[in-house]
Amino acid sequence: MTLFPQCLRNFLGWQYPERQLMVSLSLPLVKAAAAPVLNDLHQLQKKRENDEQDAEFLRLLLQKLRQLNRCRLRVAAREEFNHTLAALFYPLAQAKLAQYGKDGGVPDSQTRAQVLETLIAGCAEFVNSYIVITQYYQRCSRFRYARSIKKSDLASARVLEFLKLKQSLKALRYQELSPRAWAFANTLMHQIVAAGRQDELLSPLQRSYGSDTELETIRVREVYLSLHMVQRLQLSYWPVQWQTWLQRSIGLGDLKIALGNAASGAPSRHTSLVYCGDEQPTRFVAVPGQAGPAPLVLQWESLQQALTSDLAQVLRTRRGQEAATLSRHLSLFGPTERLALAQLQFERFQAYPVSAELKLDQQREVPDLRIFIGFQNVFALLRHIAKGGDWKAVGERMVDLLARHSAVFSDDAEGSVQSSWTLRHQDEQHLCLSTQESRHTTQMQIGDLAAFMLEQADWHVPKLGVIQRILRMQNGQLLITIKLLCENSQAVLIDSQAGQSSAISHHNTDQRSALLPAILGGREELTQLLLPTGVRTLEEGMLLLQTRQTQETVQLGHMISASKGFTLHALRRQPQAVPAVHQAKRAPAIHTAQGLSLSETETGLLP
């Protein structure tokens, strides 16, 4: 028989353990600093009508948040300020997230960059303010803590929710959460688990302040695990347009992982460890002699099974088998993008954490470096090389000289120097380059085709790759990772209307545009075919490939991979090509859904 009845123990808060964990944060509080006055913010809120006024409103709101985090306030007053400012901030943040999630790459427009950076800074201020509230409740006696437990739970949830929003906004800029942010999240989750509050049902931000009512309640554990899933799937490898759908699937629970503690099982290939206060998101190898509480365990098996199933189902569907049940975000795309997305999420999951850390083991300029980005530019380069340079030697055209820089123009001489490409890493499969971003930087997106030549000896034999990753550093530097696809390549034309068994769907073109630009590629032999996005193909169909000297009938194999800019197919070639039969009529113009075109005059210049 206990000395005190359970009801008395509950009244005194003794059922809660002593709170020994606390997020380490010290704000620059100024004793004489006044609390922010929000009248001007509310007035500006009523007048907002366009993007410029939205940006002005966000700048003022950020100023108020920073003022809030410099003044000393009672916790109840800080909670009220947080509530009021979040009601103004969150709906606009969601609107901008949707607006800027439709497109993105390099370079970023000045307006887009400024708005996103302001929103990211606003999220950081909210995180700091809510952490101050959690610190207050952690210092309370158990008696007072028991009476404020709901407020403490809500403040903890808001910290993680604003970190999640910050992660989504930074992904649109191809940035990642900082080590400091992960230290906050990991410490806070240890603190929540120690109190046994990880599964309490709470009202999410989008229900309290937004228009999305699809989720009525959340658990802190789910928000924390979603941070880790997004981190592992590495959004710096994802086209911006696909990021929103992935994060929505995670938010709605289509993709899941589980949370346990160290006692629930030893680390394995399906688990990773989260240490209290660790600046690294998670570790797949135990750290010996680590002080502090036992690590939490992330269990990845269910997510791996879902991603593997998605890829297998997509491949089966492409072979004409029964329709598949896919994750919600995959079901929204067409067959080609569905394959690209399924491959991407599976590869990113398997590659982590090795690919998360760039091996920047070099920093040297390559004077003879040339880079061409985009299917149309690469196709034109290969045609020029095949003609032997024509009126200007290979590598000496103006466009070749400009290809040494990431920007064709610059505002001053210093900008011209900074726009040079710098080699940071090179191996058999990847090339990592850095450059300074400016408003003149050559447009590129993840999934774009790229041709690169590191030395003068490579000018006649460029290597082809795909823009695999874009990462923006804090100092304005861009890190671009290119994955090697082909060591040899050749520009060709495809007669899409040749024969009844053509591998090119006749829905692609009209009667006046039977020829399509394509690229043959491979390592030693040209056994792969690259087609621009928008060209519909039929596997096992026949293709007629044309150059100036030859034409060749080949059979189109399966689609090897797809990206936002092109598709890569296997090709079955005959032993020999036969000379082309010159026809009297002029070749028709070529058009594709991507706007690639060859005029009649240009078609006659084909090698």
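Each value, and the rule that gives it
Each chain carries its own residue numbering, running from 1 in the direction its sequence is written. Whole-chain, interface and lining totals are the exception, using all residues; otherwise, since this is a predicted model, local features are given only for residues with pLDDT of at least 70 and side-chain atom pairs are given and counted only at 80 or more. Only heavy atoms go into the side-chain values, all of them from the structure, while hydrogens and water stay out. Where helices and strands are cited, they refer to DSSP runs of H or I of at least four residues and of E of at least two residues respectively, numbered from the N terminus. Exposure classes here rest on a 1.4 Å probe applied to the protein chains alone. A residue is buried below 20% of its type maximum, exposed above 50%, and partly exposed in between. Only heavy atoms matter for contacts: two residues are in contact if any of them lie within 4.5 Å across the pair. Under the convention used here, a 1.4 Å probe and the Shrake-Rupley method define accessible areas, while residue burial counts only the protein chains that appear. Salt bridge, as used here: a side-chain nitrogen of Lys or Arg that lies within 4 Å of a carboxyl oxygen of Asp or Glu. Two strands form a pair only when DSSP identifies at least two bridges running between them. Axes here mean lines fitted to C-alpha atoms, for a helix over just the part in contact, with angles spanning 0 to 180 degrees between N-to-C directions. Each residue carries a pLDDT score, the predictor's confidence in it, ranging from 0 to 100. Oblique is the label for any angle not under 35 degrees, not over 145, and not in the 65 to 115 range, which are roughly parallel, roughly antiparallel and roughly perpendicular in turn. It is the rotation of the near helix from the far one that decides the hand of a crossing: anticlockwise by less than a right angle makes it left-handed, clockwise makes it right-handed. Three residue categories are used. Nonpolar comprises Ala, Val, Leu, Ile, Met, Phe, Trp, Tyr, Cys and Pro, charged comprises Asp, Glu, Lys and Arg, and polar comprises the others, including Gly. Aromatic contacts are taken between Phe, Tyr and Trp rings whose centres are within 6.5 Å, Trp giving its six-membered ring; a plane angle under 30 degrees counts as stacked, one over 60 as edge-to-face, and the others as tilted. Only when the NZ atom of a Lys or the CZ atom of an Arg is both within 6 Å of the ring centre and within 35 degrees of the ring normal do we say a charge sits over the ring.

### Digging into the overall build of the chain
Scanning the chain for helices and strands turns up 17 helices and 21 strands. A total of 607 residues make up the chain; the buried ones form 51% of that total. Here the contacts in the chain between residues at least 6 apart in sequence split such that 71% fall between residues at least 24 apart. Counting only carbon and sulfur atoms, one obtains 50% of the accessible surface of the chain, whose full area is about 28800 Å².

### Regarding the pattern of salt bridges
This model, assessed by the stated rule, comprises 19 salt bridges. One salt bridge connects Glu 200 with Arg 197, and the closest N-O pair in it is separated by 3.6 Å. In the salt-bridge network here, residues are joined through shared partners; they are Asp 108, Arg 112, Glu 117, Arg 173, Glu 437 and Arg 472.

### What to know about the sheet that holds strand β4 (residues 271-274)
Read from one edge of the open sheet, 3 strands run β3-β5-β4, paired in antiparallel fashion. Strand pairing shows two members of the sheet lacking a second neighbour, β3 (258-261) and β4, which therefore form its edges. Averaged over all pairs of adjacent strands, the angle between strand axes in this sheet comes to 30°, irrespective of strand direction. In terms of strand pairing, β3 meets strand β5 (residues 296-299) through 4 bridges, oriented antiparallel. The residue of β5 that forms the bridge with Gly 260 is Val 297. Docked against the sheet, helix α8 (residues 179-195) engages β3, β4 and β5, running at close to 105° with respect to β5.

### Describing the confidence of the model for the chain
Mean pLDDT over the chain: 82, with 80% of residues reaching 70 or higher. Overall, residues 408-415 carries pLDDT values under 50, and its contacts beyond four positions in sequence, including any with other chains, amount to 8 contacts. Considering only residues more than four positions removed or in separate chains, one finds that residues 577-607, a stretch of pLDDT under 50, has 76 contacts.

### A few points about the environment of Met 559
Counting through the fold element by element, Met 559 comes out in strand β17 (residues 550-562). Along the backbone, Met 559 and Arg 318 are 241 residues apart, and their C-alpha atoms lie at a distance of 9.2 Å.

### Regarding the packing of helix α7 (residues 149-172) against α8
Here α7 crosses α8 at 150°, and the two axes come no closer than 11 Å. Here α7 lies roughly antiparallel to α8, going by the angle between them. Considering how the two elements wind past one another, α7 and α8 form a crossing that is left-handed. Seen from α7, the contacting residues are Ser 156, Val 159, Leu 160, Leu 163 and Gln 167; seen from α8, they are Ala 181, Trp 182, Ala 185, Leu 188, Met 189 and Ile 192. Its residues assigned to classes, the contact of α7 with α8 comprises 9 nonpolar, 2 polar and no charged.

### Focus on unusual backbone geometry
Cis geometry is adopted by the peptide bond preceding Pro 107, which originates at Val 106 and carries an omega value of -5°. For Pro 107, the position within the fold is in the loop between α4 (75-100) and α5 (110-139). The omega torsion across Tyr 352 and Pro 353 is 5°, close enough to zero to call that bond cis. Structurally, Pro 353 is set in the loop between α13 (335-351) and β6 (364-365). One non-glycine residue, Tyr 174, lies in the positive phi region at around 55°. Positive phi, close to 55°, is recorded for Gln 234, a residue that is not glycine. Residue position: Gln 234 is located in the loop between α10 (220-233) and α11 (240-251). Among the residues examined, Gln 234 registers a relative accessible area of 2% and is labelled buried.

### Describing the packing of aromatic side chains
Evaluation of the coordinates by the stated rule reveals 8 aromatic pairs. Where Phe 89 meets Phe 162, the ring centres are 6.3 Å apart and the plane angle is 50°; that geometry is what we call tilted. One end of the pair, Phe 89, is in helix α4; the other, Phe 162, is in helix α7, and 73 residues separate them in sequence. For Phe 89, a relative accessible area of 2% puts it in the buried group. In this structure Phe 162 comes out as buried when scored by relative accessible area, which is 0%. Put simply, the rings of Phe 89, Phe 126, Tyr 130 and Phe 162 touch in pairs and so form one group of aromatic residues. Against the face of Phe 57 rests Arg 48, its NZ or CZ located 5.0 Å from the ring centre. Seen from the ring of Tyr 237, Arg 348 lies directly overhead, with NZ or CZ sitting 3.9 Å from the centre.

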